[in-house]
Amino acid sequence: MTYEEFSSKGLEYYMEMVRLIDIKFKYRMSLTEEEKKINEYITETQERNKLEELRNKFEKCWEKEE
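Residues numbered from 1 in each chain as written. Predicted model: local features only at pLDDT ≥ 70, side-chain atom pairs only at ≥ 80, totals over all residues. Heavy atoms only, no water.

**Notes on the overall build of the chain**
Link 1 in the chain: From N to C terminus, the chain includes 3 helices and 0 strands.
Link 2 in the chain: Here the C-alpha radius of gyration of the chain, 16 Å, is well above what a compact globule of 66 residues would show, namely 11 Å.
Link 3 in the chain: Expressed along its principal axes, the backbone C-alpha trace of the chain runs to roughly 50 × 25 × 20 Å.
Link 4 in the chain: For the chain, buried positions account for 21% of its 66 residues.
Link 5 in the chain: Looking at the chain alone, contacts between residues at least 24 apart form 52% of all its contacts between residues at least 6 apart.
Link 6 in the chain: As displayed, the chain has an accessible area near 5,700 Å², and 53% of this comes from carbon and sulfur atoms.
Link 7 in the chain: In the chain, which carries 13 positive and 17 negative side-chain charges, the distance between the mean positions of the two groups comes to 6 Å. (Helix = DSSP H or I, 4+ residues; strand = E, 2+ residues; numbered from the N terminus. Rg over C-alpha atoms; globule rule 2.2 N^0.38 Å. Buried < 20%, exposed > 50% of the residue type's maximum accessible area, 1.4 Å probe, protein only. Contact = heavy atoms within 4.5 Å. Areas by Shrake-Rupley, 256 points an atom, 1.4 Å probe, with all protein chains shown as cover. Lys, Arg positive; Asp, Glu negative; His and termini not counted. Charge placed at Lys NZ, Arg CZ, Asp CG, Glu CD.)

**Some thoughts on the confidence of the model for the chain**
Link 1 in the chain: Averaged over all residues, the pLDDT of the chain is 95; the fraction at 70 or higher stands at 97%.
Link 2 in the chain: Highest mean pLDDT in the chain belongs to helix 2 (residues 11–26) (98); lowest belongs to helix 3 (residues 33–65) (94). (pLDDT = per-residue confidence, 0-100.)

**Quick notes on the nonpolar core**
Link 1 in the chain: Among the nonpolar cores identified, the biggest contains 11 residues, and these are Tyr3, Phe6, Tyr13, Tyr14, Met17, Val18, Ile21, Leu31, Ile38, Tyr41 and Ile42.
Link 2 in the chain: Listed by contribution, the elements that provide at least two residues to this core are helix 1 (3–8), helix 2 and helix 3.
Link 3 in the chain: Considering every element that reaches this core, the biggest residue donor is helix 2, with 5 residues. (Core = buried A, V, L, I, M, F, W, Y, C linked by side-chain atoms within 4.5 Å.)

**Observations concerning a nonpolar patch on the surface**
Link 1 in the chain: A cluster of nonpolar side chains, Ile23, Tyr27 and Met29, forms an exposed patch at the surface whose accessible area comes to about 330 Å².
Link 2 in the chain: Secondary-structure assignment places Tyr27 in the loop between helix 2 and helix 3. (Patch = residues over 30% accessible without salt bridge, like charges linked within 9 Å, V, L, I, M, F, W, Y side chains within 5 Å. Salt bridge = Lys/Arg side-chain N within 4 Å of Asp/Glu carboxyl O.)

**Concerning helix 2**
Each α-helix turn comprises 3.6 residues. Residues three or four places apart therefore point the same way.
Link 1 in the chain: With 16 residues, helix 2 should cover 22 Å at 1.5 Å per step; its first-to-last C-alpha distance of 22 Å lies within 8% of that length.
Link 2 in the chain: Among the residues trailing helix 2, Arg28 stands out with phi positive, at a value near 55°. (Expected span 1.5 Å × (residues − 1).)

**Focus on the pattern of salt bridges**
Link 1 in the chain: As enumerated under the stated definition, the model contains 7 salt bridges in all.
Link 2 in the chain: For Glu35, the salt bridge is made with Lys24, and the minimal N-O distance between the two is 2.8 Å. One end of the pair, Glu35, is in helix 3; the other, Lys24, is in helix 2, and 11 residues separate them in sequence.
Link 3 in the chain: Residue Glu53 is joined to Lys50 by a salt bridge in which the shortest nitrogen-to-oxygen separation is 3.8 Å. With Glu53 and Lys50 both in helix 3 and 3 residues apart, the pair spans about one turn of that helix.
Link 4 in the chain: Of the residues examined, Glu53 reaches a relative accessible area of 36% and is grouped as partly exposed.
Link 5 in the chain: Take Lys50: its relative accessible area is 44%, and that puts it in the partly exposed class.
Link 6 in the chain: When salt bridges with common partners are traced through the structure, they connect Lys50, Glu53 and Lys57 into a single cluster.

This is the structure:
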């Protein structure tokens, strides 16, 4: 699965994968290779969301300055 395929599956799928990974970490269970990849995609999604949030804040500040 690519990142694009992962991100196109929607919010419900994303949240279920987050819960799955959290449970496996909580109980110190090993991740399969696919779960490791999904964990990378979750991290990438979180980073992209944070960047978008910062970009929006910057644009708001920029608009106020003008």
